[in-house]
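Notes for the structure review
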Amino acid sequence: MIGSDRIGGGRVAVTLDEVAEAAGVSKSTASRVLSGSSRVSAQTKRAVQSAAERLGYRPNRIASGLRTRRSNLIGLVITNLVNASFHVITEVLQQRLDERGYQVLLCVTDADPAREARYLDMLLDHRVDGLIIVGTGDNTEMVRQVGAAGIPVVNLMRTPEDVPGDSVMAADREGAELAVRHLLGLGHERIAFIGGPAHIDSGRDRYAGFAAALAAAGLEPDPELCARGPYTMAFGAEAARRVMAAERPPTALYSANHEATFGTLGALVQLGVRVPEQLSLVCHEEAPWFSYWHPPITVVDNGARDLGELAAEQLLRRIDNRPDHGDPAEEGVGRLIRVGSRLVVRDSTTAPRRSG
């Protein structure tokens, strides 16, 4: 009977020997065909592929990985999929890595350091060929362990200190300056800021850009109009209510915490705030439906597609140049790459309404 090994007591696992016998070729020839080698004739290739399909042959990827020291798996650790940029980045990475024969293990942490640590452990156990991480910043020692195991690492959107690998970052500070200079140019001076926490790159850099643009205009951030907190809708709603309840409410708002923006928009609707008549609004990071909101929202586009493309390019370059595959000297060179931001002006920003 063909196939003597059973998987989980169920279906029979067909062996490579049986495929070779059915195709009338040697085991080594069958192996070359099924591994994608071009060193076989078209006729032999058709015979082996036909036999494998007819018998239902499935290659043993674990055994193959142990022989080649490759798993063809890439770990993608990301904080959430609420963020529209992360959606785009994930799609780009999936496509680019699939083109090179890699499968992506997607790990969504919900910004929970303990969950992130468990995922990093699992990815090490699975001998992934590479890691792309949008990290919490609380597991830098584990990320260092991944790098020490010879696994190439790309830090995406965030770059904690003393972690291995390349970093692909958005130009968050410059994007924030674009947003605030736009509002200042319209005549706004009381500009509110809703952003991420200071220990995260985007939270820190976007606030720095906000403050720098104000300083260039001879202004300072008003603490009553500034709210910084977690990347959640709940925080965005609470922050919007807080800044709009100020004794002197803002005439403009720069929402620099993308996940919080979804809560901010809902709160503004509930408060009856008219945009842009009462409040001009700029949001950081594009989302597909921002252009369909009423009114369409002015945004800082952080180049999510380019971020994904560069992250894939850098990781594949690292994999191709690992010590067991290329130039070992290349492995120790960490790169920081930033993708430029651009301002997309829509109808949510206008000159402030003058009283009297």
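Residues numbered from 1 in each chain as written. Predicted model: local features only at pLDDT ≥ 70, side-chain atom pairs only at ≥ 80, totals over all residues. Heavy atoms only, no water.

Digging into the overall build of the chain
Helix and strand content of the chain: twelve helices and 14 strands. When burial is assessed residue by residue, the chain has 48% of its 356 residues classed as buried. A separation of at least 24 residues holds for 66% of the contacts in the chain among residues at least 6 apart in sequence. Within the structure as shown, the chain displays about 17,400 Å² of accessible surface, and the carbon and sulfur contribution to it stands at 50%. (Helix = DSSP H or I, 4+ residues; strand = E, 2+ residues; numbered from the N terminus. Buried < 20%, exposed > 50% of the residue type's maximum accessible area, 1.4 Å probe, protein only. Contact = heavy atoms within 4.5 Å. Areas by Shrake-Rupley, 256 points an atom, 1.4 Å probe, with all protein chains shown as cover.)

Here's the deal with the packing of aromatic side chains
Considering all chains together, one arrives at eight aromatic pairs under this definition. Between the aromatic rings of Phe193 and Tyr207, the centroid separation amounts to 5.2 Å while the plane-to-plane angle is 75°, which identifies the pairing as edge-to-face. You can see Phe193 sitting in strand β8 (residues 191-195) and its partner Tyr207 sitting in helix α9 (residues 201-216), a full 14 residues away along the chain. Look at Phe193 and you get buried, because its relative accessible area is 0%. Members of the aromatic cluster, each reached through a chain of ring pairs, are Phe193, Tyr207, Phe210 and Tyr254. Positioned above the aromatic ring of Tyr207 is the side chain of Arg228, whose terminal nitrogen or guanidinium carbon lies 4.3 Å from the ring centre. (Phe/Tyr/Trp six-rings, centres within 6.5 Å; stacked < 30°, edge-to-face > 60°. Lys NZ or Arg CZ within 6 Å of the ring centre and 35° of its normal.)

Concerning the pairing of β8
In terms of burial, β8 is a largely internal element, five of the five residues being buried. Side chains of β8 alternate between two faces, with Ile191, Phe193 and Gly195 and Ala192 and Ile194 buried alike. Direction of pairing for β8 relative to strand β10 (residues 252-255): parallel, over a ladder of four bridges. Pairing of Ile194 across the sheet is with Ser255, part of β10. Note that β8 and strand β9 (residues 226-228) share three bridges and pair parallel. Bridge pairing in β9 links Ile194 to Ala227. The handedness of the β8 to β9 crossover, carried by α9, is right-handed. (Pairing = 2+ DSSP bridges. Right-handed = clockwise from strand over helix to strand, strands pointing away.)

Digging into the sheet that holds β9
Here six strands make up an open sheet; going across it, the order is β9-β8-β10-β11-β12-β14 and the pairing mixed. In this open sheet, the two strands that pair with only one neighbour each are β9 and β14 (342-344). The average angle at which neighbouring strand axes cross in this sheet is 15°, direction not considered. Taken together, the four bridges between β10 and strand β11 (residues 280-284) define a ladder with parallel strand orientation. Counted as the bridge partner of Leu253 is Leu281 from β11. (Axes fitted to C-alpha atoms, helices over the stretch in contact; angles between N-to-C directions.)

So, the environment of Arg127
Take Arg127: it is sitting in the loop between α6 (113-125) and β5 (130-133). Taking C-alpha positions, Arg127 is 9.7 Å from Val146, a pair spaced 19 residues apart along the chain.

Overview of the pattern of salt bridges
Evaluated as defined, the whole model comprises 17 salt bridges. For the salt bridge of Lys27 with Asp17, the shortest nitrogen-to-oxygen distance reads 3.9 Å. Of this pair, Lys27 sits in helix α2 (residues 27-34) while Asp17 sits in helix α1 (residues 16-23), and the two are ten residues apart along the sequence. With relative accessibility at 43%, the residue Asp17 sits in the partly exposed group. Notably, a salt bridge pairs Glu286 with Arg346, separated by 2.6 Å at the nearest N-O pair. In this pair, Glu286 is assigned in the loop between β11 and β12 (298-301) and Arg346 in the segment after β14, connecting sequence segments 60 residues apart. (Salt bridge = Lys/Arg side-chain N within 4 Å of Asp/Glu carboxyl O.)

A few points about the nonpolar core
Residues Leu253, Leu268, Leu281, Phe290 and Ile297 are the most contacted members of the largest nonpolar core, which totals 28 residues. Elements that contribute at least two residues to this core include exactly β8, α10 (233-244), α11 (258-271) and β11. No other element matches the six residues that α10 contributes to this core. Leu76, Val168, Ala311 and Ile319 belong to the second-largest nonpolar core, a separate cluster that totals 24 residues. (Core = buried A, V, L, I, M, F, W, Y, C linked by side-chain atoms within 4.5 Å.)

Re the packing of α6 against helix α7 (residues 140-148)
At a closest axis distance of 10 Å, the pairing of α6 and α7 adopts a crossing angle of 10°. Here α6 lies roughly parallel to α7, going by the angle between them. Between α6 and α7, the residues in contact are Ala117, Leu120, Asp121 and Leu124 and Met142, Val143 and Val146, respectively. For the contact of α6 with α7, the per-class residue count stands at six nonpolar, no polar and one charged. (Parallel < 35°, antiparallel > 145°, perpendicular 65-115°, else oblique. Nonpolar A, V, L, I, M, F, W, Y, C, P; charged D, E, K, R; others polar.)

A word on the sheet that holds strand β4 (residues 103-108)
Spatial ordering of the open sheet is given by β4-β3-β5-β6-β7-β13, a layout of six strands whose pairing is parallel. Every interior strand has two partners, whereas the edge strands, β4 and β13 (336-339), have only one. Sheet twist, expressed as the mean angle between neighbouring strand axes with direction ignored, is 15°. In this structure, strand β6 (residues 153-156) lies alongside strand β7 (residues 166-170), joined through three bridges in parallel fashion. Bridge assignment links Asn155 to a residue of β7, and that residue is Ser167. Strands in contact with α6 are β3 (73-78), β4 and β5; relative to β4, the strand with the most contacts, it is inclined by about 160°.

Everything listed here is a matter of coordinates, which is why it stays silent on function.
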